[in-house]
Amino acid sequence: MAGMGQSSFAEFNSLVSSAQPEIFHRHSAFYIYHTDATFFSRRALREALCSYYGAAGSLLRNACEAILRGAFWECLAHQRYRGRAEIVGEPKRKRKIEGTQRNILNWMNDVFHAGPQLEALLEKESGGIFDRISALFESEVLLAAVPSLKTMLEQLSAWKMFEPVTDPVSEIYDDLYGSLCKDTHLIPGKTMMGRLMVAGRDPSTVFEPSQEEFGGFLGLLHRVAEVGALAVLNVLEDDARSDDALRANIAAMQSVAERISLPRVVRRIQTLAS
């Protein structure tokens, strides 16, 4: 079950990589990040199989974060979403940068003002957005314009990028991501020896296989796989309406979703493939 759950990351990612070249380039920003998610999840499973459950949870958090960030930057590259970015555009989200209250939308507007041709180019190749925002990550001052992960998810929720999840912020950020953070931030009971002491075992062994721990990891892996699959499907929603081959490939993914028991993914596939 763990192997099938992890392999679903690559299987759903292939919907983008195997699509028509114009579709692949249009969604290249998301593909770049989701590829990282695929490899993070693979390494997380490896660590869990070796009984390093804290390292596994930390890597799985990276996978979850890569999906969310990739979906956000993908959407921000397209006017269809950027023009409806009410959450990141709220005045309270602005930060004082070089004496002016600014946010990520102000930054993108400046980019397009300096190069009007760039807006159309991003519609064709979303990965180009990383050339336009890279300066934000190279300066502590400018970094304030980048939304927090929670703000990104709130905006993605408003854009309905995780349909049919009814409350993505609560389910994905507060519950799923919050659980994964416990491994990353190493609360006492999540250290290697702490896990053993909580379970009433000898901590001098440092680590040992645990069916309960692995079962917990498997549940989290399953949930992150669902987030990734839904993100892929919703990113491709518009393309699926007009591309018969893509729609057929999406329909073929129903067996993958059924195999790993993801009923919400199955429903989304059926909606897009109909």
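### Some details on the overall build of the protein
Then, number 1: Helix and strand counts for the protein come out as 16 helices and 2 strands.
Then, number 2: A compact globule built from 274 residues should have a C-alpha radius of gyration of about 19 Å, and the protein, at 20 Å, falls within 12% of that.
Then, number 3: By its C-alpha atoms, the protein is 65 × 50 × 30 Å across when sized along the principal axes.
Then, number 4: Considering the protein as a whole, with its 274 residues, one finds that 47% of them fall into the buried category.
Then, number 5: Considering only intrachain contacts with a sequence separation of at least 6, the fraction spanning at least 24 residues in the protein is 72%.
Then, number 6: Entry remark: accessible area of the protein is about 12700 Å², with carbon and sulfur atoms responsible for 54%.
Then, number 7: The average position of the 30 basic charges and that of the 34 acidic charges among the side chains of the protein differ by 3 Å.

### Focus on the packing of aromatic side chains
Aromatic rings considered in pairs are described by the distance between their centres and by the relative angle of their planes.
Then, number 1: Under the definition given, this model contains 8 aromatic pairs.
Then, number 2: In textbook terms, an aromatic cluster arises when at least three aromatic residues are bridged by ring pairs, as seen for F72, W73, Y81, F137 and W159.
Then, number 3: A cation over a ring is seen here: R42 above F39, with NZ or CZ 4.8 Å from the ring centre.

### Quick look at a nonpolar patch on the surface
Then, number 1: On the surface, a cluster of nonpolar side chains totalling about 250 Å² of accessible area is made up of Y52, M192 and F207.
Then, number 2: Relative to the elements of secondary structure, F207 occurs in the loop between helix 11 (192-198) and helix 12 (211-235).

### Some points on the packing of helix 14 (residues 244-252) against helix 16 (residues 263-273)
Helix packing geometry: the angle between the two helix axes and the distance between the axes.
Then, number 1: Relative to each other, helix 14 and helix 16 sit at 155 degrees, their axes nearing to 9 Å. Between helix 14 and helix 16, the angle falls in the class roughly antiparallel. As helix 14 runs across helix 16, the sense of the crossing is left-handed. Of the residues in helix 16, those touching helix 14 at R247, I250 and A251 are I269, L272 and A273.
Then, number 2: Each residue belonging to the contact of helix 14 with helix 16 can be placed in one class, and the counts come to 5 nonpolar, no polar and 1 charged.

### Topic: the pattern of salt bridges
Then, number 1: For the structure shown, the criterion picks out 17 salt bridges.
Then, number 2: Taking the shortest distance from any N to any O, the salt bridge between D239 and R26 comes out at 2.2 Å. Remark: R26 occurs in helix 2 (residues 21-26) and D239 occurs in helix 13 (residues 237-242); sequence separation between them is 213 residues.
Then, number 3: One salt bridge connects R46 with E47, and the closest N-O pair in it is separated by 3.8 Å.
Then, number 4: Residues joined in a network through salt bridges with shared partners are R80, E237, D238, R241 and R268.

### Let's talk about the nonpolar core
Then, number 1: If you look at the biggest cluster of nonpolar residues, it comprises 86 residues, and the most contacted ones within it are F12, W73, I129 and F162.
Then, number 2: Once residues lying within four places of it in the same chain are set aside, the contact partners of I129 are A29, W73, L76, A77, M108 and L122.

### A few points about the confidence of the model for the protein
Then, number 1: When the pLDDT values of the protein are averaged, the result is 93; 99% of them are 70 or greater.
Then, number 2: Taken element by element, the predicted model of the protein shows its lowest mean pLDDT in helix 11 (79) and its highest in helix 16 (98).

### Observations regarding unusual backbone geometry
Then, number 1: The residue after E163, namely P164, is reached through a cis peptide bond having omega 5 degrees.
Then, number 2: Among the structural elements, P164 can be located in the loop between helix 9 (149-158) and helix 10 (168-184).
Then, number 3: Unusually for a residue other than glycine, K160 sits at a positive phi of about 60 degrees.
Then, number 4: Within the element layout of this structure, K160 appears in the loop between helix 9 and helix 10.
Then, number 5: If you check the backbone angles, S261 has positive phi at about 60 degrees while not being a glycine.

### As for helix 16
Then, number 1: Every buried residue belonging to helix 16 is among R264, V265, V266, R268, I269 and L272, and all of these are buried.
Then, number 2: For helix 16, the secondary structure elements touched by its buried residues are helix 1 (2-17), helix 10, helix 12, helix 13, helix 14 and helix 15 (254-259).

### A look at the environment of A44
Then, number 1: Along the polypeptide, A44 turns up in helix 3 (residues 28-49).
Then, number 2: The spacing of A44 and N62 is 18 residues in sequence and 9.4 Å in space, taken between C-alpha atoms.
Then, number 3: Filtering out sequence-adjacent residues up to four positions away, A44 remains in contact with A56, L59, L60 and F217.

### As for the side chain of E74
Then, number 1: Secondary-structure assignment places E74 in helix 4 (residues 53-76).
Then, number 2: Reaching out from E74, the side chain makes a polar contact with the side chain of H27 at a distance of 2.9 Å.
Then, number 3: Among residues more than four places away in sequence, those in contact with E74 are R26, H27, S28, A29, F30, S126 and V235.

Definitions and cut-offs
Think of each chain on its own: its residues are numbered from 1, step by step along the sequence as written. Thresholds applied to this predicted model are a pLDDT of at least 70 for local features of residues and 80 or more for the giving and counting of side-chain atom pairs; totals over whole chains, interfaces and linings are not thresholded and use all residues. With hydrogens and water set aside, each side-chain value is computed from the structure's full complement of heavy atoms. Numbering of helices and strands runs from the N terminus, with a helix taken as a DSSP run of H or I at least four residues long and a strand as a DSSP run of E at least two residues long. Computation of the radius of gyration draws on C-alpha atoms alone. For the globule rule, the value is 2.2 Å times the number of residues to the power 0.38. With a 1.4 Å probe rolled over the protein chains alone, any residue whose accessible area is under 20% of its type maximum counts as buried; one over 50% counts as exposed, and the rest are partly exposed. Residue contacts are defined here by distance: any two heavy atoms, one from each residue, within 4.5 Å place the two residues in contact. Using a 1.4 Å probe, the Shrake-Rupley method yields the accessible areas, and only the shown protein chains count as cover for residues. Charged residues are defined narrowly, with Lys and Arg counted positive, Asp and Glu counted negative, and His plus the chain ends left uncounted. For this purpose, a charge sits on NZ of Lys, CZ of Arg, CG of Asp or CD of Glu. Pairing of aromatic rings covers Phe, Tyr and the six-membered ring of Trp, with a centre-to-centre limit of 6.5 Å; geometry is then stacked below 30 degrees between planes, edge-to-face above 60, and tilted otherwise. Charge-over-ring contacts are defined here by two conditions on Lys NZ or Arg CZ: a distance within 6 Å of the ring centre and an angle within 35 degrees of the ring normal. Residues with no salt bridge and a relative accessible area higher than 30% make up the patches, which join like charges within 9 Å and nonpolar side chains (Val, Leu, Ile, Met, Phe, Trp, Tyr) within 5 Å. Each reported salt bridge corresponds to a side-chain nitrogen of Lys or Arg within 4 Å of a carboxyl oxygen of Asp or Glu. What counts as an axis is a line fitted to C-alpha atoms, over the stretch in contact for a helix, and the angles between N-to-C directions run from 0 to 180 degrees. Just so you know how the angles are binned, under 35 degrees is roughly parallel, over 145 roughly antiparallel, 65 to 115 roughly perpendicular, and the rest oblique. If you view the pair so one helix is near and one far, a crossing is left-handed when the near helix is turned anticlockwise from the far one by less than a right angle, and right-handed when it is turned clockwise. Only Asp, Glu, Lys and Arg are considered charged in this grouping, and only Ala, Val, Leu, Ile, Met, Phe, Trp, Tyr, Cys and Pro are considered nonpolar; every other residue, Gly among them, is considered polar. Think of a nonpolar core as a cluster: buried Ala, Val, Leu, Ile, Met, Phe, Trp, Tyr and Cys residues, connected wherever their side-chain atoms sit within 4.5 Å. Along the chain, pLDDT gives the predictor's confidence residue by residue, from 0 to 100. In protein, a polar contact means a hydrogen-donor-capable atom and an acceptor-capable atom, both N or O and within 3.5 Å, with residues adjacent in sequence counting only if both atoms are side-chain atoms; elsewhere, any N or O pair within 3.5 Å suffices.

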